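Architecture at a glance
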Amino acid sequence: MANATSANGTNMTNASDSSIVCYAPTMITTNGIWQGDNPLDYSLPLFILQLTLVVVTTRVLVLLLKPFRQPRVIAEIMGGVLLGPSVLGQYKPFADTIFPMRSVMVIETMANVGLLYFLFLVGLEMDISVIRRMGKRAIIIAVAGMILPFAIGAAFSFLIHDRGKSMNQGTFILFLGVALSVTAFPVLARVLAELKLVNTELGRIALSSALVNDMFAWGLLALAIALAENDSTSLASLYVVLSSIAFVCFCIFVVRPAVCWIIRRTPEGESFSEFYICLILTGVMISGFVTDAIGTHSVFGAFVFGLVIPNGPLGVTLIEKLEDFVSGLLLPLFFAISGLRTNITTIEGIGTWGLLVLVIFLACIGKIAGTVIVCLFYQMPFDEGFTLGLLMNTKGLVELIVLNVGKDQKVLDDEAFAIMVIVAVVMTGIITPIVTTVYKPARRSIPYKRRTIQRSKPDAELRVLVCVHTPRNVPTMINLLEASYPTKRSPLCVYILHLVELSGRASAMLIVHNTRKSGRPALNRTQAQSDHIINAFENYEQHAGCVSVQPLTAISPYSTMHEDICNLAEDKRVAFLILPFHKQQTVDGGMESMNPAFRTMNQNVLANAPCSVGILVDRGFNGSNRVAANQASHNIVVLFFGGPDDREALSYAWRMSEHPGITLAVMRFVPGPDVVEPVGIVKPDPDAANNGNNNSKILCVETDEGWEKQLDEKLINEFRTQNMNDESIVYLEKEVNNGEETVAVVRSMDSVHDLFIVGRGQGIISPLTAGLTDWSECPELGAIGDLLASSDFATTASVLVVQQFVGDEGNAAVDHELEDPNEEHGTPQPVASSPADELQNAQFGNMQRHMNKRTQPPPRVQNSNVYSP
């Protein structure tokens, strides 16, 4: 038995307006290929194949377009176009096998279910009160950016409109105008983050205006759908509008109080009942059914239903349960359907293609002109107004919904639909390259000298940048700051940077608009975490004296997050930057990786940081209960091998040792009698060669190794002299001959210590750690840091691995602090090396090249994607 059902023009593989398709209700699942069945003749296996093909195609295109910094929506629409009648659908066997007409109903139904829940999530994350806090400028820019493109759409509707069809001219104008005038907030948020413009005034205005534009677009969409009935009277359209208003009022005055009652019944901190969650998810479908029945699209009901649910823990729970499945799997299906419906071959003739180019050009210009006029009125620079106008041209979900509804309602024919889809793709695709070319704000260079703890004045403010991924990082970070002993003489200025990965969704971007001082509940999990982190550090600031805390948030892909961190460190002129280690301690004491991207980010920060860096391996450090100021009780040990990183580690520990509740042990490892050390590295004098003097006996000695040793001795002697009568400080020296003896000494240390502070030791090749790096798990921690952080090292102590910033001013400091005893009047004297020394020259040459690499200034980017809430 087969039911004959009309496809109502939803054929995706040919251009016929309507066809009769036979569905077999019993052919859902196959009996298997061994029974002789073809799985593609049955609806479920065919749908699974279609969904897999759509997701794989869009993900591949996302990867291909990533170097061009294109938003995900472009890849998703292009994936549909690729699979549809424009490209692969031209090959009839493919179209008839993979996307036959009988499969249209199933795939479109699933796509609309995905869209229904996605629009529910959009409503759930949107905060209407934001608009009230935005000010006139954002609202006027949004309105001005809609009026001109709407007028252009209305003008072009007379050229594109087919008068032979029964569609209403007014409705056609409304659909075309809305499609050209909307701005996609989620897509714009992604573009701004890619361009590192979120923290700029321009970025904030663009996001605010896009949010207002989104609100207007939903209102116009509901109106356009209500008027889309071509054959109905104006009275029916009026009933649709009135019914929609009644539905909105019902949601506000009945649904919202009911949801608030559910929230009140659930104790704070407890999870919501599964019954309540199912009730709300069912309510989404009921809302969709009601609005579809009264003549508005089902997505309108889901959006309004999401909008009336209060922000807070319930919203966070619903988003966590739905977001990945809906936006990752079902939503691409809707974008793919839009592409599958797009048949570029229906655009015939040079005149029509010329018209397409003209529509794209004039719609862009309309948005830009409207935005620039308002910006000039508000005395903003012309280039900023032009860039803002370009950014407001981003298209996305709202426009595609408008176009699909228009096609379903026969307002748009195949040609007009294809033209508008191409317009959306091109307008969104050209924004990033044009803005990158046109808008280049100058970054001011901020030179500063106090880039290390060692070079910071003991009676001046110490600026520290603390990076945090999750609230789990917070207790140990706070204890570390408390142990740093802020005093009136040397207060701490702490910048807390919450690192948030930029996802395809705009939810994280909404942190920009929700000031934490408003006391409003969090919109999503990201903001809830951010609020938790900020509250913890502000609580610390209130209870600890001489500490100022400034919270910030960085939203970037992890691949470029290090740029934001390094730019912020330079802008805020910090001396020390603390990063959490990419592994966390498990219940059994082992270490498990949280996210591989954290490790790559840490490595990039170490390579590019404009100041000293510490990586904190968190094993507690009394993090379970933070102790009050001056009541800390910590046992800290420094393992000192020599070199700039170890000196920085000792300088930080020295500052900590002033805290009355801290005991410090400094263990210096010195070479035993069996260790043969090089005296220096001998190279021909380049000046002599340039002067034409080929006398090979004239040599210059690189005395970096000697200077490093003298700097070590100077700091150690100063430390011992000033602390000889301090009972809370212990200084020990251990003679070791090789890496094995070093490991044995470290492993034999008492387990009473809370914190190991060690230098990273990069660029220093010491016989005392020889062979330790051969099987390192994490070379970025250095030989000793990696040993202490490994799972098989039996300790409950946290580890801070320190890298000192070595720059031009660092080298200058070396020059001023020490004079080489072999120098007279600044002229280096030749020193011969022994044959044993020359055996290690190659090794030290490698070290020198590495040190030179580290002294290069870090690369800069134009703008930092970091902002203060």
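Within any chain, residue numbers begin from 1 and follow the written order of that chain's sequence. Reporting in this predicted model follows two pLDDT cut-offs: at least 70 for local features of residues, and 80 or more for side-chain atom pairs to be given and counted; totals over whole chains, interfaces and linings ignore these cut-offs and use all residues. Hydrogens are left out, water is left out, and the side-chain values use all remaining heavy atoms of the structure.

1. Some remarks on the side chain of Q584
- Its place among the elements puts Q584 in strand β7 (residues 583–585).
- Judged by its relative accessible area of 18%, Q584 is buried.
- Whether two residues are in contact is decided by their heavy atoms: any pair within 4.5 Å suffices. Leave out the neighbours within four places in its chain, and Q584 touches R472, G590, M591, E592 and M594. Helix numbers and strand numbers start at the N terminus; a helix is a DSSP run of H or I with at least 4 residues, a strand a run of E with at least 2. Here the term buried applies to any residue with accessible area under 20% of the maximum for its type, exposed to any over 50%, and partly exposed to those in between, with areas from a 1.4 Å probe on protein chains only.

2. A few points about the pairing of strand β16 (residues 798–803)
- Of all the six residues making up β16, six are buried; the element is thus mostly covered by neighbouring parts of the structure.
- Burial of the side chains of β16 extends over both faces: S798, L800 and V802 are buried on one face and V799, V801 and Q803 on the other.
- The pairing criterion is simple: DSSP has to find at least two bridges between the two strands. Sheet analysis places strand β9 (residues 612–617) next to β16, joined by five bridges and oriented antiparallel. Bridging across to β16, V613 finds its partner in Q803.
- Here strand β15 (residues 755–759) runs beside β16; their pairing, made up of five bridges, is parallel. Residue pairing across strands places F756 opposite V799, the latter belonging to β16.

3. So, the nonpolar core
- L119, F120, I309, L391, L397 and I401 are the most contacted members of the largest nonpolar core, which has 135 residues in total.
- Considering every element that reaches this core, the biggest residue donor is helix α9 (residues 201–226), with 13 residues.
- Discounting residues that sit within four places of it in the chain, F120 has contacts with I280, V284, A302, F305, G306, I309, L318 and L322. The nonpolar core is taken to be a set of buried Ala, Val, Leu, Ile, Met, Phe, Trp, Tyr and Cys residues, with the residues joined through side-chain atoms within 4.5 Å.

4. Remarks on the packing of aromatic side chains
- Think of it this way: a Phe, Tyr or Trp ring, Trp meaning its six-membered ring, pairs with another when their centres are within 6.5 Å, and the plane angle makes it stacked under 30 degrees, edge-to-face over 60, tilted otherwise. Under the definition given, this model contains ten aromatic pairs.
- Plain terms: the ring middles of F576 and Y652 are 5.0 Å apart, the flat faces sit at 55° to each other, and that makes the pair tilted. Residue F576 is found in strand β6 (residues 576–580), and its partner Y652 is found in helix α23 (residues 644–657); the two are separated by 76 residues along the sequence. Across the pair, Y652 and F576 agree in class, each one buried.
- Definition used: whenever NZ (Lys) or CZ (Arg) falls within 6 Å of the ring centre and also within 35 degrees of the ring normal, the charge is taken to sit over that ring. Across from the ring centre of F417, 5.8 Å away, lies the NZ or CZ of K407, which sits over that ring.

5. What about the environment of A75?
- Counting through the fold element by element, A75 comes out in helix α2 (residues 72–83).
- On the basis of relative accessibility, which here comes to 1%, the residue A75 falls in the buried class.
- C-alpha of A75 to C-alpha of A336: the two residues are 261 residues apart in sequence and 9.6 Å apart in space.
- What A75 contacts, discounting residues up to four positions off in sequence, is T58, L61, V62 and L65.

6. Observations regarding the environment of R59
- For R59, the location among the structural elements is in helix α1 (residues 43–65).
- Of the residues examined, R59 reaches a relative accessible area of 38% and is grouped as partly exposed.
- Here the alpha-carbon distance between R59 and G79, two residues 20 residues apart in the chain, equals 8.8 Å.
- Among residues more than four places away in sequence, those in contact with R59 are R72 and G328.

7. Digging into the packing of helix α15 (residues 382–391) against helix α18 (residues 431–438)
- The axes are straight lines fitted to the C-alpha atoms, using for helices just the contacting stretch, and the angles between their N-to-C directions are given from 0 to 180°. One can describe the packing of α15 onto α18 by two numbers: an axis separation of 10 Å at closest approach and a directional angle of 170°. By the angle class used here, α15 and α18 are roughly antiparallel. Packed against α15, whose contacting residues are F386, T387, L390 and L391, the element α18 presents I431, I434, V435 and V438 at the interface. Geometric relationships in this document are graded by angle, where less than 35 degrees denotes roughly parallel, more than 145 denotes roughly antiparallel, 65 to 115 denotes roughly perpendicular, and other angles denote oblique.

8. What about the pairing of strand β5 (residues 547–556)?
- For β5, a buried count of eight out of ten residues is recorded, marking the element as mostly surrounded by other parts of the structure.
- Here ten bridges tie strand β4 (residues 492–501) to β5, and the two strands are oriented parallel to one another. If you follow C493 over to β5, its bridge partner there is S548.

9. What to know about the confidence of the model for the chain
- For the chain, per-residue confidence averages 77 on the pLDDT scale, and 78% of positions sit at 70 or higher.
- pLDDT is a residue-level measure of predictor confidence that goes from 0 to 100. Confidence, read as mean pLDDT per element, is least for helix α30 (residues 841–855) in the chain (37) and greatest for β6 (95).
- Taken as a whole, residues 1–16 scores under 50 in pLDDT and shows 41 contacts with residues more than four places along the chain or in a different chain.

10. Re the pattern of salt bridges
- Whenever Lys or Arg places a side-chain nitrogen within 4 Å of a carboxyl oxygen from Asp or Glu, that contact is recorded as a salt bridge. This structure, assessed with the given rule, holds 14 salt bridges.
- Where R102 meets D41, a salt bridge forms, and the shortest distance between an N and an O atom there is 4.0 Å. One end of the pair, R102, is in the loop between α3 (92–98) and α4 (104–125); the other, D41, is in the loop between β2 (20–23) and α1, and 61 residues separate them in sequence.
- Taking relative accessible area as the criterion, D41 reaches 37% and is therefore assigned partly exposed.
- A salt bridge links E108 to R341; the nearest nitrogen and oxygen atoms lie 3.3 Å apart.

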